[in-house]
Amino acid sequence: MSVVFEPSLCVSCGRCASVCPGTLLEAGDGRPARILFPDDCWGCASCLKACPRRAVRLTLPPALGGLGGLLSCGREGGRLVWRLERPGREPADFPGDPEGEGGY
Ligand code: SF4
Ligand code: SF4
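Quick notes on the rules
Residues numbered from 1 in each chain as written. Chains lettered and ligands numbered in written order. Predicted model: local features only at pLDDT ≥ 70, side-chain atom pairs only at ≥ 80, totals over all residues. Heavy atoms only, no water. Core = buried A, V, L, I, M, F, W, Y, C linked by side-chain atoms within 4.5 Å. Buried < 20%, exposed > 50% of the residue type's maximum accessible area, 1.4 Å probe, protein only. Helix = DSSP H or I, 4+ residues; strand = E, 2+ residues; numbered from the N terminus. Contact = heavy atoms within 4.5 Å. Polar contact = N/O pair within 3.5 Å; in protein donor to acceptor, adjacent residues only side chain to side chain. Near = heavy atom within 4 Å. Nonpolar A, V, L, I, M, F, W, Y, C, P; charged D, E, K, R; others polar.

A. Broad picture of the nonpolar core. The biggest cluster of nonpolar side chains holds 23 residues, and the ones touching the most others in it are Val 3, Phe 5, Leu 25 and Leu 48. If you tally residues by element for this core, the top one is strand β6 (residues 79-85), at three residues. The residues contacting Leu 25, other than those within four sequence positions of it, are Val 3, Phe 5, Cys 16, Ala 17, Cys 20, Arg 34, Ile 35, Leu 36 and Cys 47.

B. Expanded view of the side chain of Ser 12. Its place among the elements puts Ser 12 in the loop between β1 (3-5) and α1 (15-19). A polar side-chain atom of Ser 12 sits 2.7 Å from the main-chain carbonyl oxygen of Arg 31. Once you skip the residues sitting within four places of it in the chain, Ser 12 turns out to touch Gly 28, Gly 30, Arg 31 and Pro 32.

C. Layout of the site of ligand 2. Among the 13 residues in the neighbourhood of ligand 2, the closest are listed as Cys 10, Cys 13, Gly 14, Cys 16 and Cys 51. The residue makeup of the shell around ligand 2, split by class, is 10 nonpolar, two polar and one charged.

D. Looking closely at unusual backbone geometry. Even without glycine at this site, Thr 23 takes up a positive phi of about 55 degrees. The backbone of Arg 54 sits at a positive phi, close to 55 degrees, despite the residue not being glycine. Along the chain, the position of Arg 54 falls in the loop between α2 (46-50) and β4 (56-59).

E. Representation of the site of ligand 1. Around ligand 1 sit Cys 20, Pro 21, Leu 24, Leu 25, Cys 41, Trp 42, Gly 43, Cys 44, Ala 45, Ser 46 and Cys 47, and that is every residue in its neighbourhood. Taken together, the residues of the shell around ligand 1 break down into nine nonpolar, two polar and no charged.

F. Main features of the side chain of Ser 72. Following the sequence through the fold, Ser 72 ends up in strand β5 (residues 70-76). In this structure the side chain of Ser 72 is engaged in a polar contact, spanning 2.9 Å, whose partner is the side chain of Arg 54.

See the structure below:
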């Protein structure tokens, strides 16, 4: 697993980098976020939950999302809303589990 960024959506707020427990991300100073060590990402999704713009997405293994499956996260009314994107299919949104949202 790793994460990919959409530079056109990124506002360089640095939130993703500040919550990554592995210090794997670089963001801020007006530059779009990027991952420095993609092989070290263990898919905790903290950066997804922190991003206010859905500018970061987690690459999913084929067994979960099919080849090219991506997961992102947004917020509606203060609650997490996850989005699964798969090639050739409409994006599917599903609400976060309040018991499992936790912190970062
Ligand atoms: S998914 Fe977790 S480990 Fe991977 S880059 Fe995001 S915050 Fe860091
Ligand atoms: S949290 Fe989102 S918008 Fe902010 S720097 Fe990271 S990817 Fe860009």
